[in-house]
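Given next are the chains, with one letter for each unit.
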Amino acid sequence: MTTTDQTYIRRCIQLAKNGLGTTYPNPLVGSVIVHQGKIIGEGWHRKAGEPHAEVNAINSVKDKSLLKQSTLYVSLEPCSHFGKTPPCCDLIIKHQIPNVIIGTVDPNSKVAGTGIARLAANNIKVTVGVLEAECNELNKRFFTFHNKQRPYIILKWAESSDGFIAPLTKDKQEPVWISNVYSRQLVHKWRSEEQAILVGTQTVLDDNPKLDVRDWKGNNPIRIVLDRSGKISNDYQVMDGKTKTILITEQENLTFSENRIPESVTFDTKLTQKIADILYKHGIQSVIIEGGKQTLQSFIEADLWDEARVFIGVASFNKGVKAPTLNGIPKKTQVKEDQLKIFINHD
């Protein structure tokens with residue numbers, strides 16, 4: 001592994017990040033083509049069903065004759081199977097690109113080393129594992145989904161400066177804002193990057209949230225709503241059918257419109273794992289849990305989370321609903337006057 005190789009794979013990672021929130025269920029992938037020390041082509045995967053990063057990079061090269069003396073860099077192993085698009089390996093082989101340098105192996109069972117083997121079998125020199133940790137981090141959602149058979153789980157809440165997530169009482173059925181307007185816009189950006197958002201019953205009853213990205217440009221996440229006994233009526237905004245919504249409940253034989261899907265389970269001590277299993281069944285690779293204290297704490301106690309993002313506002317409540325308890329040493333940053341703590345669950 002050379003410093004030059006690392007530089008080009010780092011560029012692949014940078015390009016791949018342009019697809020965050022738009023490539024599901026596919027991973028984030030970037031690709032760079034280099035000829036005699038000069039980048040002659042770049043690309044990233046933009047959306048499922050559209051060309052992959054390697055294809056976009058190859059198509060961007062003006063003089064295709066240079067490909068026979070070039071090196072293709074890519075953050076994730078090229079695919080070797082037919083999906084919604086043809087195999088990337090076939091195009092690389094077709095253009096006789098002699099060298100391919102890969103960040104990390106694809107964990108998807110449909111790929112998982114077969115792309116590397118296919119390239120090598122066609123006399124292409126393949127190097128694997130350049131900035132592997134960084135490439136794995138890039139696709140932490142995709143890797144968690146395929147390796148652990150569950151989505152990447154992000155906990156998110158805001159708490160007052162004295163440690164409360166909500167006041168004891170409030171006047172209106174809407175959120176009591178603890179974080180500032182910049183933090184709230186950042187949350188909407190996060191929602192656009194993840195595939196789903198989950199809240200519990202009490203959050204819906206108390207705040208009547210939309211759970212959308214109205215303060216940011218992007219896709220609305222799939223809404224996951226916990227409603228054990230049917231307390232949430234169709235009058236609530238999460239039941240408006242405008243966005244795909246999965247209702248997790250103990251009620252059976254429910255029928256909804258096409259965009260609302262009931263999932264019946266028993267609400268017991270294994271509920272968090274059951275939720276993860278349901279989301280995996282629906283092909284959901286990432287979820288932000290914005291529920292209340294009980295919902296958030298249940299995932300913490302089950303050790304079923306990957307990341308927690310906690311805003312500390314300047315307001316104090318003196319009394320109210322205590323914020324979830326989470327141990328660990330966070331990374332701290334500021335969003336104007338709000339403090340943002342990021343916890344990573346290292347398992």
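Rules behind the numbers
- Residues numbered from 1 in each chain as written.
- Predicted model: local features only at pLDDT ≥ 70, side-chain atom pairs only at ≥ 80, totals over all residues.
- Heavy atoms only, no water.
- UniProt positions renumbered as here; feature names shortened; annotations may be inferred.
- Helix = DSSP H or I, 4+ residues; strand = E, 2+ residues; numbered from the N terminus.
- Rg over C-alpha atoms; globule rule 2.2 N^0.38 Å.
- Buried < 20%, exposed > 50% of the residue type's maximum accessible area, 1.4 Å probe, protein only.
- Contact = heavy atoms within 4.5 Å.
- Areas by Shrake-Rupley, 256 points an atom, 1.4 Å probe, with all protein chains shown as cover.
- pLDDT = per-residue confidence, 0-100.
- Phe/Tyr/Trp six-rings, centres within 6.5 Å; stacked < 30°, edge-to-face > 60°.
- Lys NZ or Arg CZ within 6 Å of the ring centre and 35° of its normal.
- Expected span 1.5 Å × (residues − 1).
- Polar contact = N/O pair within 3.5 Å; in protein donor to acceptor, adjacent residues only side chain to side chain.
- Pairing = 2+ DSSP bridges.
- Axes fitted to C-alpha atoms, helices over the stretch in contact; angles between N-to-C directions.
- Core = buried A, V, L, I, M, F, W, Y, C linked by side-chain atoms within 4.5 Å.
- Right-handed = clockwise from strand over helix to strand, strands pointing away.

The name an unreviewed UniProt entry gives the protein chain is Riboflavin biosynthesis protein RibD, with Flavobacterium silvisoli as the organism. UniProt, in its Function (unreviewed entry) section for the protein chain, records the words "Converts 2,5-diamino-6-(ribosylamino)-4(3h)-pyrimidinone 5'-phosphate into 5-amino-6-(ribosylamino)-2,4(1h,3h)-pyrimidinedione 5'-phosphate."

J.: I'm lost on the overall build of the protein chain in this one. Help?
T.: For the protein chain, the count of helices and strands is 10 helices and 16 strands. Its C-alpha radius of gyration of 23 Å places the protein chain within 12% of the 20 Å reference for a compact globule of 347 residues. Oriented by its inertia axes, the alpha-carbon framework of the protein chain measures out at about 70 × 50 × 35 Å. The buried share of the protein chain, taken over its 347 residues, is 52%. For the protein chain, contacts bridging at least 24 residues in sequence account for 69% of all contacts bridging at least 6. Approximately 16800 Å² of the protein chain is accessible, and the part contributed by carbon and sulfur atoms is 47%.

J.: Would you mind going over the confidence of the model for the protein chain with me for this structure?
T.: Any residue range with low pLDDT should be treated as having predicted coordinates unsuitable for detailed reading. Mean pLDDT over the protein chain works out to 92, with 97% of the residues at or above the 70 mark. When the elements of the protein chain are averaged for pLDDT, helix H4 (residues 114-121) gives the smallest value, 89, and strand S12 (residues 286-289) the largest, 98.

J.: Any chance you could explain the UniProt feature "binding site: NADP(+)" (unreviewed entry) in the protein chain here in plain terms?
T.: Per the UniProt record, "binding site: NADP(+)" (unreviewed entry) is found at Ala158, Trp177, Asp207, Gly292, Lys293, Gln294, Thr295, Leu296, Gln297 and Ser298. These annotated residues cover 141 residues of sequence, and their C-alpha atoms reach 23.2 Å apart at the extremes, leaving them scattered rather than at a single site. Here threonine 295 lies in helix H10 (residues 293-301). Residues contacting threonine 295, with those up to four places away along its chain left out, are Leu198, Gly200, Leu226 and Ile289.

J.: Is there a simple way to think about the packing of aromatic side chains in this case?
T.: The geometry of two aromatic rings is summed up by the distance between their centres and the angle between their planes. Inspection of the entire model under this criterion finds four aromatic pairs. Relative to phenylalanine 311, the ring of tryptophan 190 lies with its centre 5.5 Å away and its plane at 25°, an arrangement referred to as stacked. Highlighted residues: tryptophan 190 in helix H7 (residues 181-193) and phenylalanine 311 in strand S13 (residues 307-312), separated in sequence by 121 residues. We note that tryptophan 190, like phenylalanine 311, is buried. One residue, arginine 184, lies across the ring of tryptophan 177, its end atom 4.5 Å from the ring centre.

J.: Got a minute to help me understand H7 in this structure?
T.: Each α-helix turn comprises 3.6 residues. Residues three or four places apart therefore point the same way. Between the first and last C-alpha of H7 there are 19 Å, a value that for 13 residues agrees with the 18 Å anticipated at 1.5 Å per step. Inspection of H7 places Ser183, Val187, His188, Trp190, Arg191, Ser192 and Glu193 among the buried residues, and these make up the whole buried set. The opening residue of H7 is asparagine 180, an N-cap whose side-chain oxygen sits 2.9 Å from the backbone nitrogen of tyrosine 182.

J.: Whenever I open this one, the sheet that holds strand S15 (residues 331-335) confuses me. Can you help?
T.: Adjacent strands of a sheet form backbone hydrogen bonds with each other and so pair up, either parallel or antiparallel. The nine strands are arranged S11-S10-S9-S8-S12-S6-S13-S16-S15 in an open sheet whose pairing can be described as mixed. The strands lining the two open edges of the sheet, one partner per strand, are strand S11 (260-264) and S15. Sheet twist, expressed as the average angle between the axes of neighbouring strands with direction ignored, equals 20°. For strand S8 (residues 196-199) and strand S9 (residues 222-226), the ladder comprises four bridges, and the chain directions are parallel. Residue pairing in the sheet places isoleucine 197 in a bridge with arginine 223 of S9.

J.: Help me out: how do you make sense of the nonpolar core in this one?
T.: For soluble globular proteins, nonpolar side chains are generally found buried alongside one another. Among the nonpolar cores identified, the biggest contains 32 residues, and Ile153, Leu155, Trp157, Ile224, Ile248, Ile275 and Ile289 are the most heavily contacted of them. Of all the elements, helix H9 (residues 271-281) adds the most residues to this core, at five residues. The residues contacting isoleucine 248, other than those within four sequence positions of it, are Ile224, Val225, Leu226, Asp227, Arg228, Glu263, Val265, Phe267, Ile275 and Ile278.

J.: Help me out: how do you make sense of the sheet that holds strand S2 (residues 38-44) in this one?
T.: Here five strands make up an open sheet; going across it, the order is S2-S1-S3-S4-S5 and the pairing mixed. Looking at strand neighbours, the two that pair on one side only are S2 and strand S5 (125-128), the edges of this open sheet. With direction set aside, neighbouring strand axes in the sheet form an average angle of 15°. When strand S4 (residues 99-104) meets S5, the two strands line up parallel, connected through four bridges. Looking at the pairing, isoleucine 101 lines up with threonine 127 of S5. Of the strands in this sheet, strand S1 (30-35), S2, strand S3 (71-76) and S4 touch helix H1 (residues 3-16), which is tilted by about 140° from S1. Across the sheet, H4 lies against S4 and S5, angled at about 150° from S5, the strand it touches most.

J.: Sorry, what's going on with unusual backbone geometry here?
T.: A negative phi angle characterises most non-glycine residues, just as the trans form characterises most peptide bonds. In this chain, tyrosine 24 is followed by proline 25 through a cis amide linkage whose omega measures 5°. By the element assignment, proline 25 lies in the loop between H1 and S1. Even without a glycine there, the phi angle at aspartate 303 is positive, about 55°. Turning to its location among the elements, aspartate 303 is positioned in the loop between H10 and S13.

J.: How do you make sense of the pairing of S8 when you look at a structure like this?
T.: Looking along a regular strand, one sees side chains alternate from face to face of the sheet. Going residue by residue along S8, you find Ala196 and Leu198 tucked away on one face and Ile197 and Val199 tucked away on the opposite face as well. Between the parallel elements S8 and S9, the chain passes through helix H8 (residues 201-207) in a crossover that is right-handed. Note that S8 and S12 share three bridges and pair parallel. Looking at the pairing, leucine 198 lines up with isoleucine 289 of S12.

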